[in-house]
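# Coordinate inspection notes
What follows is each chain in one-letter form.
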Amino acid sequence: MDKLQFAVPTLFGLEGLAADEMRRLELKEVQAENGRVLCQGTAADIPRLNLNLRTGERVLIVLGSFPANNFDQLFEGTKALPWEQFIPRDGQFPVKGFSLNSQLHSVPTCQAMIKKAVAARLGGKYGLNQMPETGALYQIQFSIMKDTATLMLDTSGAGLHKRGYRAKGVVAPLRETLAAAMVMLSRYKGRDPLCDPFCGSGTIPIEAALIAKNRAPGLSRNFSAQKWKNVDGKLWLQAADEAMDKEFDGEYEIWGGDLDPQAVEMARRNAELAEVDDVVKFEVSDATRFHWGGLHGRVVTNPPYGERLMTEAEAADLYRAMGRRFATFEPWQIYVLTSSDRFDRLYGQRADKVKKLYNGMLPCYLYEYFKPAEARDEKGRTAKEIFDRKPDRGFERGSDRYPADRNRKPSFGDRDRKPYGPRADRPY
């Protein structure tokens with residue numbers, strides 16, 4: 001295990017962020033590809049990657065790649081790899097993976113063939129006819145793409161997005177790795193206020209707090225490779241000490257609000273589990289009436305998409321209300337993740353930048369507003385003129401685009417409620 005090749009899968013669109021994280025960890029030969037990042041390292045980097053990565057999904061050791069046009073090639077190529085360097089005589093080695101654009105398209109048959117080949121290799125090395133598989137887990141992962149098989153070992157266990165702080169979530173929770181990516185893309189460093197008026201179970205504010213404090217996201221959970229006999233336990237302690245030595249201690253303004261009191265209570269509990277409840281404040285608040293007295297800062301948020309929590313027409317009404325409210329936040333920076341490809345038209349201001357991301361398998365767009373809104377659009381209209389115009393008929397409830405009940409009222413919030421939230425005593 002002197003030199004290892006690692007593969008770190010990511011959500012599509014986050015490869016560059018994960019690659020930058022690895023370079024900051026001083027990993028060698030970092031190379032971003034579609035959906036994953038490759039790098040070179042040693043056994044000491046197994047705990048360093050698992051503990052520190054914010055945008056990677058898991059850490060895999062690549063044992064080898066080879067042509068696999070038929071099952072004989074798959075068996076022989078798998079058997080030729082040095083499995084005994086990693087898996088002891090009592091290790092468990094289940095197999096899972098996928099096949100795309102290849103002649104070997106039956107995943108269950110590929111699993112069985114790889115399992116048989118690994119057992120044959122280990123049985124020959126340990127002098128056993130049957131492997132007991134009573135020890136630690138050594139999860140084998142494979143990918144077969146365009147008739148090339150790649151065999152890997154999973155060092156993480158549960159995905160790295162499972163930080164260990166979310167006791168339970170709300171409906172349609174945001175994955176932690178994506179939340180961290182949103183905060184990183186906003187270039188937040190902890191120096192100015194950060195607000196999320198649609199906080200749900202608190203994922204974005206909690207990830208922002210971890211970033212502000214420079215706290216490694218994996219310190220509160222366990223990993224499969226911690227039980228591996230060939231990975232010295234001292235390496236995990238050294239990696240944890242290294243991570244904790246890099247933590248910051250300061251005062252930060254991080255706030256999350258949500259209309260659902262139960263969600264806010266969950267967020268507070270999750271912040272306690274993440275040990276950032278001292279720097280994050282959560283309150284019950286209506287996003288359409290949200291305001292903040294500060295002169296600068298940023299909003300990083302993930303409002304309902306119109307997929308599960310509300311109808312598309314209700315989401316459209318909400319986006320218009322957000323545009324009217326957030327227009328008062330000059331010169332704040334606004335970052336909004338949504339699945340709508342016309343969010344800025346509803347919001348009333350053209351985004352300075354739009355980045356395509358994925359929330360699981362759902363394609364989304366991060367709309368970034370970081371320039372003053374006094375600028376005019378392509379028709380020469382100011383933000384106020386856009387907000388005051390009549391709504392586009394193409395997005396009204398009951399239109400062809402949103403064939404909802406014309407008489408149904410939006411369920412998001414009580415528009416007549418008294419404004420409340422952070423610094424409610426300050427003027428807009």
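Residues numbered from 1 in each chain as written. Predicted model: local features only at pLDDT ≥ 70, side-chain atom pairs only at ≥ 80, totals over all residues. Heavy atoms only, no water.

### A look at the packing of aromatic side chains
Tallied over the full model, the rule gives ten aromatic pairs. On the basis of an interplanar angle of 65° and a centroid distance of 6.4 Å, the ring pair of Phe-326 and Tyr-347 is categorised as edge-to-face. Here Tyr-347 lies in helix α10 (residues 343-347) and Phe-326 lies in helix α9 (residues 312-326), a separation of 21 residues in the sequence. Comparing Phe-326 with Tyr-347, the two get one shared label, buried. Three or more aromatic residues joined by ring pairs form one cluster here, namely Tyr-319, Phe-326, Phe-343, Tyr-347, Tyr-365, Tyr-367 and Tyr-369. The positively charged end of Lys-115 is found above the aromatic ring belonging to Phe-93, 3.9 Å away from the centroid. Taking NZ or CZ as reference, Arg-187 lies 5.4 Å from the ring centre of Phe-370, over its face. (Phe/Tyr/Trp six-rings, centres within 6.5 Å; stacked < 30°, edge-to-face > 60°. Helix = DSSP H or I, 4+ residues; strand = E, 2+ residues; numbered from the N terminus. Buried < 20%, exposed > 50% of the residue type's maximum accessible area, 1.4 Å probe, protein only. Lys NZ or Arg CZ within 6 Å of the ring centre and 35° of its normal.)

### Some thoughts on the environment of Leu-38
Tracing the chain through its elements places Leu-38 in strand β3 (residues 36-41). Spatially, the C-alpha atoms of Leu-38 and Gln-5 are 7.1 Å apart, while their sequence positions differ by 33 residues. Not counting residues within four places of it along the chain, the set of residues in contact with Leu-38 comprises Gln-5, Phe-6, Ala-7, Glu-29, Val-30, Gln-31 and Glu-33. (Contact = heavy atoms within 4.5 Å.)

### Some thoughts on the sheet that holds strand β5 (residues 95-100)
With respect to topology, seven strands assemble into an open sheet ordered β2-β3-β1-β4-β7-β6-β5, the strand pairing being mixed. This sheet does not close on itself; its edge strands, each paired only once, are β2 (28-33) and β5. Looking at each pair of strands side by side, their axes are set apart by 25° on average, direction ignored. Sheet analysis places β5 next to strand β6 (residues 139-145), joined by six bridges and oriented parallel. When the bridges of β6 are listed, Leu-100 appears paired with Met-145. Along the sheet face, helix α2 (residues 45-52) touches β1 (4-9), β3 and β4 (60-67) and points at about 15° away from the line of β1. (Pairing = 2+ DSSP bridges. Axes fitted to C-alpha atoms, helices over the stretch in contact; angles between N-to-C directions.)

### Looking at the nonpolar core
Leu-74, Trp-83, Ile-87 and Ile-140 are the most contacted members of the largest nonpolar core, which has 54 residues in total. Here this core takes six residues from helix α4 (residues 107-126), the largest share from any one element. Counting 38 residues, the second largest nonpolar core, distinct from the first, contains Ile-211, Ile-254, Val-279 and Val-300. (Core = buried A, V, L, I, M, F, W, Y, C linked by side-chain atoms within 4.5 Å.)

### Some details on the pairing of strand β9 (residues 254-258)
Every regular strand shows the same layout, with side chains that alternate between the two sheet faces. Of all five residues that make up β9, five are buried, and the element is covered over most of its length. Side chains Ile-254, Gly-256 and Asp-258 project from β9 onto one buried face, and the interleaved Trp-255 and Gly-257 project onto a second face that is buried too. Relative to β9, strand β8 (residues 194-196) runs parallel, the two being bridged by three bridges. When the sheet's bridge partners are listed, Cys-195 is paired in β9 with Trp-255. In terms of strand pairing, β9 meets strand β10 (residues 280-284) through five bridges, oriented parallel. Along β10, the bridge assignment pairs Gly-256 with Phe-282. After leaving β9, the chain enters helix α8 (residues 261-273) and then returns to the sheet as β10, a path that is right-handed. (Right-handed = clockwise from strand over helix to strand, strands pointing away.)

### Comments concerning the environment of Met-266
You can see Met-266 is positioned in helix α8. On the basis of relative accessible area, Met-266 is assigned to the buried category, the value being 18%. Expressed as a C-alpha distance, the spacing of Met-266 and Arg-166, which sit 100 residues apart in the sequence, is 8.4 Å.

### A word on a nonpolar patch on the surface
Residues Phe-98, Leu-100 and Met-145 make up a contiguous nonpolar surface patch of roughly 270 Å² in combined accessible area. Note that Met-145 resides in strand β6. (Patch = residues over 30% accessible without salt bridge, like charges linked within 9 Å, V, L, I, M, F, W, Y side chains within 5 Å. Areas by Shrake-Rupley, 256 points an atom, 1.4 Å probe, with all protein chains shown as cover. Salt bridge = Lys/Arg side-chain N within 4 Å of Asp/Glu carboxyl O.)

### Notes on helix α1 (residues 15-24)
Those residues of α1 that sit buried are Glu-15, Leu-17, Ala-18, Ala-19, Glu-21 and Met-22. Buried residues along α1 sit in contact with β1, β2, β3, α2 and α5 (176-185). Just beyond α1, the residue with positive phi is Glu-26, at close to 65°.

### Quick look at unusual backbone geometry
Not every positive phi belongs to a glycine, and Asn-101 is a case in point at roughly 50°. Within the fold, Asn-101 resides in the loop between β5 and α4. Backbone geometry at Asp-147 places phi at a positive 65°, although glycine is not the residue there. By the element assignment, Asp-147 lies in the loop between β6 and β7 (148-154). On the basis of relative accessible area, Asp-147 is assigned to the buried category, the value being 17%.

### Here we look at empty space enclosed by the protein
Considering all chains together, one arrives at two cavities of 30 Å³ or more under this definition. Taken as a whole, the second largest cavity spans an internal volume of roughly 40 Å³. Lining the second largest cavity we find Asn-50, Leu-53, Leu-160, Lys-162, Arg-163, Pro-217, Gly-218, Arg-221 and Phe-223. Broken down by class, the residue content of the lining of the second largest cavity amounts to four nonpolar, two polar and three charged. (1 Å grid on protein atoms, 1.4 Å probe; cavity = no way out; pocket = protein on both sides within 12 Å on 5 of 7 lines; lining within 4 Å. Points joined across faces, edges and corners; volume = space filled by probe spheres on them. Nonpolar A, V, L, I, M, F, W, Y, C, P; charged D, E, K, R; others polar.)

### Some details on the layout of surface pockets
Looking at the largest pocket, its volume works out to about 820 Å³. Together, 26 residues line the largest pocket, and Pro-9, Thr-10, Gly-35, Arg-36 and Phe-98 are the ones closest to its centre. At the level of secondary structure, the elements contributing two or more residues to the lining of the largest pocket comprise β1, β5, β6 and β7. The class makeup of the residues in the lining of the largest pocket is eleven nonpolar, nine polar and six charged.

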